[in-house]
Amino acid sequence: MRLFDPHIPFRPESPVRVGPSDPGAALKNAIGLCLSGGGYRAMLFHLGALWRLNEAGFLGKLDRISSVSGGSITAGVLALHWKNLDIRPDRPAPGFTAVVEEIRKLASRTIDIGSLLEGVFGPGTVSQKIQKAYDEMLFHGATLQDLPDEPPRFVINATNVQSTVLWRFSKPYMRDWRVGEVRHPKVPLAAAVAASSAFPPVLSPAELDLHKYGCVFEPNTGDDLQTEPYISKAILTDGGVYDNLGLETVWKDYRTVLVSDAGEHVEAEESPHRDWARHSFRILNIIDNQVRSLRKRQVIAAFERSERDGTYWGIRTDIANYEVDKALPCPFEKTMILARIPTRLKALPDSEQMRLINWGYAVCDAAMRKHVDPALGPPADFPYSAEGVG
């Protein structure tokens, strides 16, 4: 008995499925970076990781940056600033602080509760309110066509609730392998990021009116759903529902894979709720947690088997496990406090912002020096030295 879609080949120990439209060529000898979901917690953690990658001269070596949810906020800001950062291989970009300032500005503002209330009691949907907030704070009318020319290609991932598969936003195309492909989409960058970060139940779904943005699907690019109503309106939710590591669009193509994981973990509860609504929510979270854990284990196992080069670092990682010289001081009990910050788009105090950035910076450094570039020298200090990780 097959328990998965018979149209999709599946290797038992692979962390991703290979669809019928995915390339079958050899892996590219290039680097792809994956940024997970996790609300503002992930947004800031990944910002710290990117800070360290920039200092180490690795931003200019990236060929693809794939993101979901909170990771897509960070990726979207980086993408919009990319042209002005003067990023080159083996050299830090001098203008990276502009990205830091933009993301920290958003992290100081709560947008989920206000958007929820406006979506419930006012015109428009919750997701439209989130999109408006992103556009006002970060993207200022930019579309996917304002993303940089490659490399790298930025891929912002959402989940198509209709087709049940990944929906990819990028500059050259927007696609769902079942519905098809739109070339050079003029969808607002804020709409793509809002869809990618529409985590259920409160911020989901994000409805994308495809005719509004002049989206025309290339004929015969969809597998089985290139028909109405799929080609007129896309009902999307958080990219993490399908793949919370943002791994799918990198793993299939790249020899070297860097994974930054700030995903949530379901904590134990002595007395879980028994009413049907909250109990169902708890059960769904447990299922989601297990799927995420399985994908993470498969990624690490593939690294250990040398099927891919690269490394994984996570917000729940014990930095001591990397056993690198002069790792920045990150006591596990302190970093676990940061890992438990809720998955929200809720304003965080400056101290928590700086500690999350510091933690992403430090654990990325340890992972890179251990598994990717042992010759890389240790950093002198945290970006925010007075804060550490708590």
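This structure is a prediction, so every number in the text was calculated from the model and none was measured.

**Q** Whenever I open this one, the packing of aromatic side chains confuses me. Can you help?
**A** The tally for this structure, following the rule as stated, stands at six aromatic pairs. Between the aromatic rings of Trp51 and Tyr384, the centroid separation amounts to 5.7 Å while the plane-to-plane angle is 85°, which identifies the pairing as edge-to-face. Here the residue Trp51 occupies a position in helix 1 (residues 39-55), and Tyr384 occupies one in the segment after helix 11 (350-371), the gap between them amounting to 333 residues. The residues Trp51 and Tyr384 share a single accessibility class, namely buried. Each residue in the set Trp51, Phe96 and Tyr384 is aromatic and connected to the rest through ring pairs, giving one cluster. If you follow Lys61 out to its NZ or CZ, it ends over the ring of Phe58, 4.2 Å from the centre.

**Q** Could you clarify how one ought to interpret the side chain of Ser197 in this entry?
**A** On the secondary structure map, Ser197 appears in the loop between helix 6 (189-196) and strand 7 (206-209). Polar side-chain contacts of Ser197 include one of 2.8 Å to the backbone oxygen of Val193. Once you skip the residues sitting within four places of it in the chain, Ser197 turns out to touch Ser69, Tyr134, Leu203 and Asp238.

**Q** It is not clear to me how the confidence of the model for the chain should be interpreted in this structure. Could you clarify?
**A** Averaged over the chain, the pLDDT score is 89; the fraction of residues at 70 or greater is 91%. Note on residues 1-12: pLDDT under 50 across the span, and 14 contacts to partners over four residues away in sequence or across chains.

**Q** Can you help me understand the layout of surface pockets in this one?
**A** The computed volume of the second largest pocket comes to approximately 400 Å³. Taken together, 18 residues form the lining of the second largest pocket, with Ile300, Thr311, Tyr312, Tyr322 and His371 sitting closest to its centre. Secondary-structure elements contributing two or more residues to the lining of the second largest pocket are helix 9 (276-304), strand 10 (309-314) and helix 11. Its residues assigned to classes, the lining of the second largest pocket shows four nonpolar, seven polar and seven charged.

**Q** Explanation requested: the pattern of salt bridges in the structure shown.
**A** Applying the stated criterion across every chain, the model contains 20 salt bridges. Ionic pairing is found between Glu387 and Arg355, a salt bridge with its closest N-O pair at 3.0 Å. With a gap of 32 residues between them, Glu387 in the segment after helix 11 and Arg355 in helix 11 connect regions that are remote in the sequence. According to the relative accessible area criterion, Arg355 is partly exposed, its value standing at 26%. In this structure, the salt-bridge partner of Asp365 is Arg369, at a minimum N-O distance of 3.1 Å. Taken together, the residues span about one helical turn, with Asp365 and Arg369 both in helix 11 at a distance of four residues. When sorted by exposure, Asp365 lands in the same class as Arg369, which is buried. Shared partners join several salt bridges into a network, and the residues in it are Arg52, Glu55, Asp365 and Arg369.

**Q** How should empty space enclosed by the protein be read in this particular structure?
**A** Vacant regions in the atomic arrangement are exposed by a probe of water-molecule size rolled over the atoms. For the structure on display, the rule yields two cavities of 30 Å³ or more. Size it by volume and the second largest cavity reaches roughly 40 Å³. What lines the second largest cavity is Leu147, Pro148, Glu150, Pro152, Arg153, Phe154, Lys171 and Pro172. Each residue belonging to the lining of the second largest cavity can be placed in one class, and the counts come to five nonpolar, no polar and three charged.

**Q** Explanation requested: helix 2 (residues 70-85) in the structure shown.
**A** Along an α-helix, residues three or four apart share an orientation, since each turn contains 3.6 residues. Here helix 2 spans 22 Å end to end across 16 residues, near enough to the 22 Å set by a 1.5 Å rise per residue. Counting buried positions along helix 2 yields 13 of 16 residues, so the element is predominantly enclosed. Taken from the residues just after helix 2, Asp86 is the one with a positive phi, measuring 55°.

About the thresholds
Residues numbered from 1 in each chain as written. Predicted model: local features only at pLDDT ≥ 70, side-chain atom pairs only at ≥ 80, totals over all residues. Heavy atoms only, no water. Phe/Tyr/Trp six-rings, centres within 6.5 Å; stacked < 30°, edge-to-face > 60°. Helix = DSSP H or I, 4+ residues; strand = E, 2+ residues; numbered from the N terminus. Buried < 20%, exposed > 50% of the residue type's maximum accessible area, 1.4 Å probe, protein only. Lys NZ or Arg CZ within 6 Å of the ring centre and 35° of its normal. Polar contact = N/O pair within 3.5 Å; in protein donor to acceptor, adjacent residues only side chain to side chain. Contact = heavy atoms within 4.5 Å. pLDDT = per-residue confidence, 0-100. 1 Å grid on protein atoms, 1.4 Å probe; cavity = no way out; pocket = protein on both sides within 12 Å on 5 of 7 lines; lining within 4 Å. Points joined across faces, edges and corners; volume = space filled by probe spheres on them. Nonpolar A, V, L, I, M, F, W, Y, C, P; charged D, E, K, R; others polar. Salt bridge = Lys/Arg side-chain N within 4 Å of Asp/Glu carboxyl O. Expected span 1.5 Å × (residues − 1).

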